[in-house]
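Residue strings, one per chain:
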Amino acid sequence: MASLKDEIEKRRTFAVIAHPDGGKTTLTEKLLLFGGAIQVAGAVKSNKIKKSTTSDFMEIEKQRGISVATSVMGFNYRACNINILDTPGHKDFAEDTYRTLTAVDSVIVVIDVAKGVEEQTEKLVEVCRMRDTPVIVFVNKMDREGKDGFDLLDEIEEKLQLTTCPLSWPIGMGQDFKGVYNLYQKQLNLFAPNTKYGNILEFNDISLPDLEQHIGDDAAETLREEVETIEEVYPSFDREQYLAGKLSPVFFGSAINNFGVKELLDCFIEIAPSPVHFKTEERIIDPYENKFSGFVFKIHANMDPRHRDRIAFLRVCSGTFQRNTNYLHVRKEKKIKFSNPTTFMASKKEVVDNAYPGDIVGLYDSGNFKIGDTLTEGEVLHFKGIPSFSPEQFKYIENANPMKSKQLAKGIRQLMDEGVAQLFTKNTNNRKIIGTVGQLQFEVLQYRLKHEYGASCRYEPIQLYKACWITSDNTAKLSEFIRKKANYMAKDKEDRDVYLAESRWMLQSAQNDYPELEFHFTSEF
């Protein structure tokens with residue numbers, strides 16, 4: 001029986017992040033292909049092929065060709081247990097991605113060689129930097145024309161504030177793309193479209209004249225010059241610096257052609273961290289502790305629309321999680337046990353008896369869980385850093401079919417627990433307002449209410465600038481504010497006070513008039 005230490009050391013839990021269309025889902029899929037987890041890759045956007053990519057399993061994702069919910073996929077590769085969390089790239093779903101980043105130990109950022117660093121990538125990497133999460137960069141789509149390699153490295157350093165360290169280097173690009181030179185393993189990998197891996201040659205010394213035979217005179221000369229520049233200008237790879245989040249290895253390839261993905265994966269399992277420490281309000285949790293602890297970072301309703309199931313995604317942080325064992329649900333102060341905890345291959349699930357730090361376990365949930373909930377063997381712990389953000393878009397939500405008001409109420413409640421959007425109920429007239437980070441979430445909410453709950457809703461416009469949570473030690477001032485601003489006050493689903501400001505000016509004057517109050521823009525306070 002493998003010890004807890006052995007189990008932890010062979011686990012790698014990471015997220016793949018990128019701007020929409022960066023090739024993130026394609027890369028995830030190729031990693032699964034190498035891990036033997038799937039046999040054939042689905043073309044992400046192609047309507048000709050009805051087989052959807054493994055990780056996009058919600059109906060609306062298949063129709064749109066974009067990921068709207070984070071999927072979790074596990075597979076084994078070279079004696080490692082790998083858990084990939086594929087995140088939505090679209091900015092309207094950033095909140096789901098931010099929360100997912102709290103549950104991983106490292107990150108792979110995918111950048112499109114033609115577009116370079118895009119806005120959404122900057123935001124996501126900023127979250128990684130705040131947490132010192134180790135980052136590896138994969139520059140994708142090298143079989144197309146794009147930016148010069150050195151220009152891209154400059155852009156990554158400047159916009160993402162990462163210190164880069166190229167571990168592979170492209171030989172040409174687009175029509176002239178010949179392959180990559182793997183600086184980490186001193187190998188030449190020649191590009192052959194439509195083959196599984198390309199042709200890999202051991203090539204320790206690129207000063208040898210044999211190089212010309214493989215890639216031609218001009219490319220050989222350029223490669224030698226560029227490698228020399230890399231060795232002079234960029235720091236050499238230092239694993240400790242990478243693990244501290246201070247150095248980011250960069251790889252080049254073309255995920256759609258399976259090219260450069262194997263080098264990335266081979267290097268990743270060697271250098272990426274096994275499960276790391278987690279902070280709670282009470283203390284720091286070490287994964288090697290014997291007692292189990294974990295937290296819920298995501299809730300997904302109706303993974304299988306035929307069965308009204310909700311699944312809470314739990315990240316195991318320490319000890320061993322065991323099936324049919326009573327654990328303390330800290331917020332509810334009660335013991336719960338789980339008879340069929342599952343692990344994932346996107347929408348395929350299998351029951352597990354034991355799970356270890358780094359693993360993501362799906363728990364069937366009849367409404368017990370909220371995002372951020374903790375399970376332990378009895379200790380009271382509260383994990384930190386799993387926020388809801390102050391929404392920026394608002395609409396009144398109205399029932400479009402009075403016969404289905406029960407279904408609508410249930411659907412809204414469950415989808416809010418999932419973190420799809422936030423619900424505010426106005427104090428004066430009890431009207432319900434949906435707040436989201438992006439416009440697309442309104443459509444997803446409407447679609448899922450209809451298709452998963454049989455409920456119809458319609459939206460009505462409302463002019464709001466910001467919703468923020470308010471607290472104060474001065475209860476008299478808080479009551480006065482709530483009374484005077486009655487038309488702009490609401491409760492969130494946890495029954496906390498929320499101020500709905502119609503404009504930036506209104507928010508600023510409220511903050512100036514009531515210095516005793518605190519205005520919070522994330523739900524973590």
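Predicted model, so just to flag it, every value in this text is computed and none were measured.

Engineer: Report on a negative patch on the surface, specifying residues and quantitative values.
Structural biologist: A contiguous patch of negative charge, built from Asp-217, Asp-218, Glu-221, Glu-225, Glu-228, Glu-231 and Glu-232, is present on the exposed surface. Here Glu-231 shows up in helix 8 (residues 217-233).

Engineer: Tell me about the pattern of salt bridges, residues and numbers included.
Structural biologist: Within this structure, the stated rule accounts for 25 salt bridges. Here Arg-315 makes a salt bridge to Asp-105, at a shortest N to O gap of 3.2 Å. With a gap of 210 residues between them, Arg-315 in strand 15 (residues 310-318) and Asp-105 in the loop between helix 4 (94-101) and strand 4 (106-112) connect regions that are remote in the sequence. Of the two residues, Arg-315 and Asp-105, both sit in the buried class. Notably, a salt bridge pairs Glu-480 with Lys-484, separated by 3.6 Å at the nearest N-O pair. Of this pair, Glu-480 and Lys-484 both sit in helix 13 (residues 475-484), four residues apart, roughly one helical turn.

Engineer: Tell me about the sheet that holds strand 28 (residues 466-471), and name the residues and values.
Structural biologist: In space, the eight strands of this open sheet follow the order 27-24-26-25-29-30-28-31, with antiparallel pairing throughout. Looking at the sheet topology across the chains shown, the edges are occupied by strand 27 (457-461) and strand 31 (518-520). Across the sheet, the mean angle separating the axes of adjacent strands is 40 degrees when strand polarity is ignored. In terms of strand pairing, strand 28 meets strand 30 (residues 497-501) through four bridges, oriented antiparallel. Opposite Cys-468, over in strand 30, you have Tyr-499 as the bridge partner.

Engineer: Give me the lowdown on unusual backbone geometry, citing residues and values where you can.
Structural biologist: A positive phi angle is found at Asn-324, which is not glycine, with a value near 55 degrees. The residue Asn-324 is located in the loop between strand 16 (321-322) and strand 17 (327-329) in this model. Looking at Asn-324, the relative accessible area reads 43%, which means it is partly exposed. Of note, Asn-430 is a non-glycine position whose phi angle comes to about 60 degrees, a positive value. Inspection of the secondary structure assignment puts Asn-430 in the loop between strand 25 (422-426) and strand 26 (432-436). Note on Asn-430: relative accessible area 52%, which makes it exposed.

Engineer: Can you break down the UniProt feature "binding site: GTP" (unreviewed entry) in the protein chain residue by residue, with the values?
Structural biologist: In the numbering used here, UniProt assigns the "binding site: GTP" (unreviewed entry) feature to Asp-86, Thr-87, Pro-88, Gly-89, His-90, Asn-140, Lys-141, Met-142 and Asp-143. Asp-86 gets classed as buried once you look at its relative accessible area, which sits at 0%. Note that Thr-87 resides in the loop between strand 3 (80-86) and helix 4.

Engineer: Can you tell me about the packing of aromatic side chains, naming the residues and giving the values?
Structural biologist: Tallying each qualifying case throughout the model produces 21 aromatic pairs. Judged by centre distance (4.5 Å) and plane angle (50 degrees), the rings of Phe-292 and Tyr-327 are tilted. Linking Phe-292 in the loop between strand 13 (284-285) and strand 14 (293-301) with Tyr-327 in strand 17, this pair joins segments that are 35 residues apart in sequence. Here Phe-292 matches Tyr-327 in class, with each residue buried. Seen in terms of ring centroids, Phe-338 and Phe-369 are 6.2 Å apart; in terms of plane orientation they differ by 20 degrees. Their pairing is stacked. Remark: Phe-369 occurs in the loop between strand 22 (360-365) and strand 23 (374-376) and Phe-338 occurs in the loop between strand 18 (334-336) and strand 19 (342-345); sequence separation between them is 31 residues. Here Phe-338 and Phe-369 have matching classes, each one buried.

Conventions adopted
- Residues numbered from 1 in each chain as written.
- Predicted model: local features only at pLDDT ≥ 70, side-chain atom pairs only at ≥ 80, totals over all residues.
- Heavy atoms only, no water.
- Patch = residues over 30% accessible without salt bridge, like charges linked within 9 Å, V, L, I, M, F, W, Y side chains within 5 Å.
- Areas by Shrake-Rupley, 256 points an atom, 1.4 Å probe, with all protein chains shown as cover.
- Salt bridge = Lys/Arg side-chain N within 4 Å of Asp/Glu carboxyl O.
- Lys, Arg positive; Asp, Glu negative; His and termini not counted.
- Charge placed at Lys NZ, Arg CZ, Asp CG, Glu CD.
- Helix = DSSP H or I, 4+ residues; strand = E, 2+ residues; numbered from the N terminus.
- Buried < 20%, exposed > 50% of the residue type's maximum accessible area, 1.4 Å probe, protein only.
- Pairing = 2+ DSSP bridges.
- Axes fitted to C-alpha atoms, helices over the stretch in contact; angles between N-to-C directions.
- UniProt positions renumbered as here; feature names shortened; annotations may be inferred.
- Phe/Tyr/Trp six-rings, centres within 6.5 Å; stacked < 30°, edge-to-face > 60°.

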